[in-house]
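# Understanding the architecture of this molecule
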Amino acid sequence: MTSVLDATNRDRLIESESLAARTLQARLRLVEEVLVDVLAAESGQELVDLLRRLGALSSPEGHALHAPEGELLKVIESLELNQAIRAARAFNLYFQIINIVEQHYEQQYNRERAAQEGLCRRSVMSEPISGVSGEGFPLPHHAANATDVRSGPSERLEHSLYEAIPATQQYGSFAWLFPRLHTLNVPPRHIQKLLDQLDIKLVFTAHPTEIVRQTIRDKQRRVARLLEQLDVLEGASPHLTDWNAQTLRAQLMEEIRLWWRTDELHQFKPEVLDEVEYTLHYFKEVIFAVIPKLYRRLEQSLHETFPYLQPPRHNFCRFGSWVGGDRDGNPYVTPEVTWQTACYQRNLVLEEYIKSVERLINLLSLSLHWCDVLPDLLDSLEQDQRQLPSVYDQYAVRYRQEPYRLKLTYVLKRLQNTRDRNRALQTYCIRRNDAEELNNGQFYRHGQEFLAELLLIQRNLKETGLACRELDDLICQVEVFGFNLAALDIRQESTCHAEALNEITAYLGILPCPYTELSETERTRWLLSELSTRRPLIPGELPFSDRTNEIIETFRMVRQLQQEFGTDLCNTYIISMSHEVSDLLEVLLFAKEAGLFDPATGTSTLQAIPLFETVEDLKHAPAVLTELFSLPFCHSYLGSHSTPFLQEVMLGYSDSNKDSGFLSSNWEIYKAQQRLQKIAENFGFQLRIFHGRGGSVGRGGGPAYAAILAQPEQTIKGRIKITEQGEVLASKYSLPELALFNLETVATAVIQASLLRSSIDEIEPWHEIMEELATRSRQCYRHLIYEQPEFIEFFNEVTPIQEISQLQISSRPTRRGGKKTLESLRAIPWVFSWTQTRFLLPAWYGVGTALKEFLEEKPAEHLSLLRYFYYKWPFFRMVISKVEMTLAKVDLEIARYYVQELSQPQNREAFFRLYDQIAQEHRLTTELVLTITGHERLLDGDPALQRSVQLRNRTIVPLGFLQVSLLKRLRQHNSQTTSGAILRSRYGRGELLRGALLTINGVAAGMRNTG
């Protein structure tokens, strides 16, 4: 809150003279003034004065003071619980408001920086927001003379992509990309081939779920709309009257006062269908309308440079969802829930189509008196009359001279009937495909029938020399979303299938020993024999445990989904914690039993997708894929899918990071991609890598543009699949311009990475060096996390993991199996806890030691080499840039306070030894990152991001001290209750927990990510 109450410091941090910077500064000043007025009106001047005092806990650079004023800490400790809660709520509200302002003006910053610097990089703090970061810097002075001591041969220099860009173009945009391809003489036939196969899929997940309530998200959108109105008003009339300005200010203050009186915490633990609604509202509010703009922007930019090339198909960018399908560790995702999710998705998209067709009816008022129509449209109207006579009776006279309106009225009625039938399916769970009912022409069986009618209208308009942009947009939307909105992935952990088969085979008595005791060779042999026979294994009636029955029913439900919604809705089954090829064959066996795999032909309507998560599994992944591709039926199996001979493989960033640390995890994923791609090519198959990226750097997050460009050469080839998780959705898709910018940068990066590559990724000596660094980093990381007996207790005591587990933000438990071990803890709360305490340990620990040991071998030579890597190798630059960004957010003085105040007395000495070890690694990593990058301070290469980090850090500091105070009180209360002591506390556990959870919300808003 320092910047709210200290405008001088804030303005000093925002020094740019650009129009965008001045506008942002003015908007920040406005919302800060309004917020102070609201706080004074709602809670009195005392709260404002308290916030000013708490601001003294941080330095101008944004970090906690080394020796904060003792008297001030006493003030925090002595605060009444109500005062502490109000202060925490004020910080939380401030962060969320400035998030809105930064998002709103983000695009203006990017455009101006593109003009000023000849490139465009992201100018926000948030890790989840995608964009350009750490790419395209001018050549560092030390890199120009670097000695390439172990580089090997090198083809085209990467920096040729990042030369000066005209001020009218934006780096990372279509308008920049296609002229660049032309300048670099990329053959048009290569561009056309790439565009023809362009396939981008973004998968929305509730993993982690959004910490901010949907009610609060609605208020955020209203505040954003008020800011937009201010922009329009001031742009149209710079000398607008005071009355207009005061009216909007009053509305803004009213909205924030309502927000202040709204509870930030979830009132109940969300159910899976609540998560479905939370996630899919981004489609309804933003994405549905943005998709046609994305296509039009690509088409226009392409034709300006390559007028004879054809743009990709409309659905080059599609969407998927895990919400309602991901049952890994979530017992609440049942077959019924998945079915209801599919119906919910279809209902949402049908409602959007209905609104679009209603607008077209008003728009296409063409009369037969003034235009002609083709015979095929008249023929279709005759058929419509027979199938929907009630519509004819009602509208034939009214639209007798307006054939387009009459045709669209029939279309509208079919859409409404399809929607009504869908609602009945969801309400009564009628799972059938009544061919007679659907063939009477009163419904649409699938999106293709609806699309055919729209294309008929479009063709008639074109033949008479007309075009309708709204109709074109609707056709684009139908081709992208169909009647399903997004494809549903099913996900389950591998052991669940093995345990279910163990129970089934034991009941049938068909194996000499329990299935789980078979060797991998024995399992594979038996599974292949079962896959080759039509004889059913599982009886129709299920005499098994609920857990096994649920596995069987899930596959039967997928079969029913495909019958009702088509195979495009649900044709992928992801197997988390995949270890061996038997994990895939088990899924195919269950698919065979449900009628999804045909043993006679070896074809399947469901693809088993391995998810390799741990480092050991990533290393073993090539062997698994080799064995899969060697199976006799694999050619027919892969050939039967929607994209023939394409195998999808998912790589997990979260568990691999928790297992071995940031550097090792990223390197193992990098190597796995290269090896898997080569194996697929050797067998004549295609490969699509599914990147399971989280929001934070520790879970694969960070700017998507740089991340895509940093992928190994020849592993993208025009196709990619990426998860968009939790708070990432709000960062990228809450506003139309943000969503359009994100989608465009992802598409640009995929095209660029596919067409503009050098052989730099194939330099074996560089790989050897990275292997050394990754190995050393992993050893250092695991020594701290897994080899020191006090560490688990350290983690449980000095971070708010206990309290995070009680946040009502997810239908999914925080642990697999409920055991309180590090192995059972999910990666999300693991990262979330370290973020709250400002350690951010998973995203950097071990990197410094690895770099130091490498440099000690040959200091000058190896330093020159690492600097050259940073300049030349996108992968290495991405890694160092992410570490640098994370280090800028670390605050070890705050972290030390957590250790000091939350440790049990008997553990304090051991815990401070661990803290000192972490602090030493942090100092080392910071020093070496600055040495490699050539920066004097962290993020000197990105001043706007640096300013944003500092602004946020300064306000998070006092909130951290508040959190420690409330956590300490809560835990003391819990300890007294456990021991049976007589409580003399004025506050109950519920009140104390509420205060602690509010601070968790506030820090998450300030850091702009949970986990």
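Residues numbered from 1 in each chain as written. Predicted model: local features only at pLDDT ≥ 70, side-chain atom pairs only at ≥ 80, totals over all residues. Heavy atoms only, no water.

### Looking at the packing of helix α12 (residues 335–363) against helix α18 (residues 469–481)
- Contact geometry for α12 and α18: axes closest at 10 Å, N-to-C directions at 160°. When the axes of α12 and α18 are compared, the pair comes out roughly antiparallel. In this structure, α12 crosses over α18, and the sense of that crossing is left-handed. Contact residues: α12 offers Val 349, Tyr 353, Ser 356, Val 357, Arg 359, Leu 360 and Leu 363, while α18 offers Glu 470, Leu 471, Leu 474, Gln 477, Val 478 and Phe 481.
- For the contact of α12 with α18, the class distribution of residues is 9 nonpolar, 2 polar and 2 charged. (Axes fitted to C-alpha atoms, helices over the stretch in contact; angles between N-to-C directions. Helix = DSSP H or I, 4+ residues; strand = E, 2+ residues; numbered from the N terminus. Parallel < 35°, antiparallel > 145°, perpendicular 65-115°, else oblique. Left-handed = near helix turned anticlockwise from the far one by under 90°. Contact = heavy atoms within 4.5 Å. Nonpolar A, V, L, I, M, F, W, Y, C, P; charged D, E, K, R; others polar.)

### Some points on the side chain of Gln 788
- Inspection of the secondary structure assignment puts Gln 788 in the loop between α30 (764–785) and α31 (791–798).
- Filtering out sequence-adjacent residues up to four positions away, Gln 788 remains in contact with His 783, Leu 914 and Gln 917.

### Here we look at the pattern of salt bridges
- Taken as a whole, this structure holds 51 salt bridges when the rule is applied.
- The partner of Glu 857 in a salt bridge is Arg 776, and the shortest N-O contact between them spans 2.5 Å. Within this pair, whereas Glu 857 is found in helix α34 (residues 847–857), its partner Arg 776 is found in helix α30, the two being separated by 81 residues in sequence.
- The class of Glu 857 is partly exposed, set by a relative accessible area of 43%.
- Judged by relative accessible area, which is 18%, Arg 776 ranks as buried.
- Through salt bridges that share partners, Asp 199, Arg 318, Asp 489, Glu 648, Arg 688 and Lys 721 make up one connected network. (Salt bridge = Lys/Arg side-chain N within 4 Å of Asp/Glu carboxyl O. Buried < 20%, exposed > 50% of the residue type's maximum accessible area, 1.4 Å probe, protein only.)

### What to know about the confidence of the model for the protein
- Residues with a pLDDT of 70 or more make up 84% of the protein, whose mean pLDDT is 84.
- The low-confidence segment residues 12–17, where pLDDT is below 50, has 15 contacts with residues more than four positions distant or belonging to other chains.
- Long-range and interchain partners of residues 113–169, a stretch whose pLDDT sits below 50, account for 174 contacts in this model, where long-range means more than four residues apart. (pLDDT = per-residue confidence, 0-100.)

### Quick look at unusual backbone geometry
- The phi dihedral of Phe 645 is positive, around 60°, even though this residue is not glycine.
- Within the secondary structure, Phe 645 is located in the loop between α24 (634–639) and β8 (646–652).
- Judged by relative accessible area, which is 28%, Phe 645 ranks as partly exposed.
- Although it is not a glycine, Arg 838 sits at a positive phi angle of roughly 70°.
- Within the secondary structure layout, Arg 838 lies in the loop between α33 (827–836) and α34.
- Since its relative accessible area comes to 1%, Arg 838 is described here as buried.

### Here's the deal with the sheet that holds strand β7 (residues 607–612)
- Taken together, the 8 strands give a closed barrel; going around it, the order is β1-β2-β3-β4-β7-β8-β9-β10, and neighbouring strands pair in parallel fashion. Across the sheet, the mean angle separating the axes of adjacent strands is 25° when strand polarity is ignored.
- Summarising the sheet, strand β4 (residues 572–576) and β7 pair through 4 bridges and their orientation is parallel. Bridge pairing links Ile 574 to Ile 609 in β7.
- The sheet strands contacting helix α19 (residues 494–508) are β3 (487–493) and β4, and the helix crosses β3 at an angle near 65°. (Pairing = 2+ DSSP bridges.)

### Describing the environment of Thr 925
- Here Thr 925 is to be found in helix α38 (residues 908–933).
- Separated by 73 residues in sequence, Thr 925 and Lys 852 place their C-alpha atoms 8.5 Å apart.
- Beyond its immediate stretch of four places on either side in the chain, Thr 925 contacts Trp 844, Val 847, Gly 848, Val 883 and Leu 887.

### Quick word on the packing of aromatic side chains
- According to the stated counting rule, one finds 51 aromatic pairs in the structure shown.
- Ring plane angle 45° and centroid distance 4.7 Å describe the contact between Trp 766 and Phe 869, whose orientation is recorded as tilted. Taken together, the residues span a long stretch of sequence, with Trp 766 in helix α30 and Phe 869 in helix α35 (residues 859–872) at a distance of 103 residues. Side by side, Trp 766 and Phe 869 carry an identical accessibility label, which is buried. (Phe/Tyr/Trp six-rings, centres within 6.5 Å; stacked < 30°, edge-to-face > 60°.)

### A short note on helix α37 (residues 892–902)
- When you tally the buried positions in α37, you get 8 out of 11 residues, the bulk of the element.
- All buried positions along α37 are accounted for by Leu 892, Ile 894, Ala 895, Tyr 897, Tyr 898, Val 899, Glu 901 and Leu 902.
- Its side-chain oxygen 3.2 Å from the backbone nitrogen of Glu 893, Asp 891 forms the N-cap of α37. (Polar contact = N/O pair within 3.5 Å; in protein donor to acceptor, adjacent residues only side chain to side chain.)

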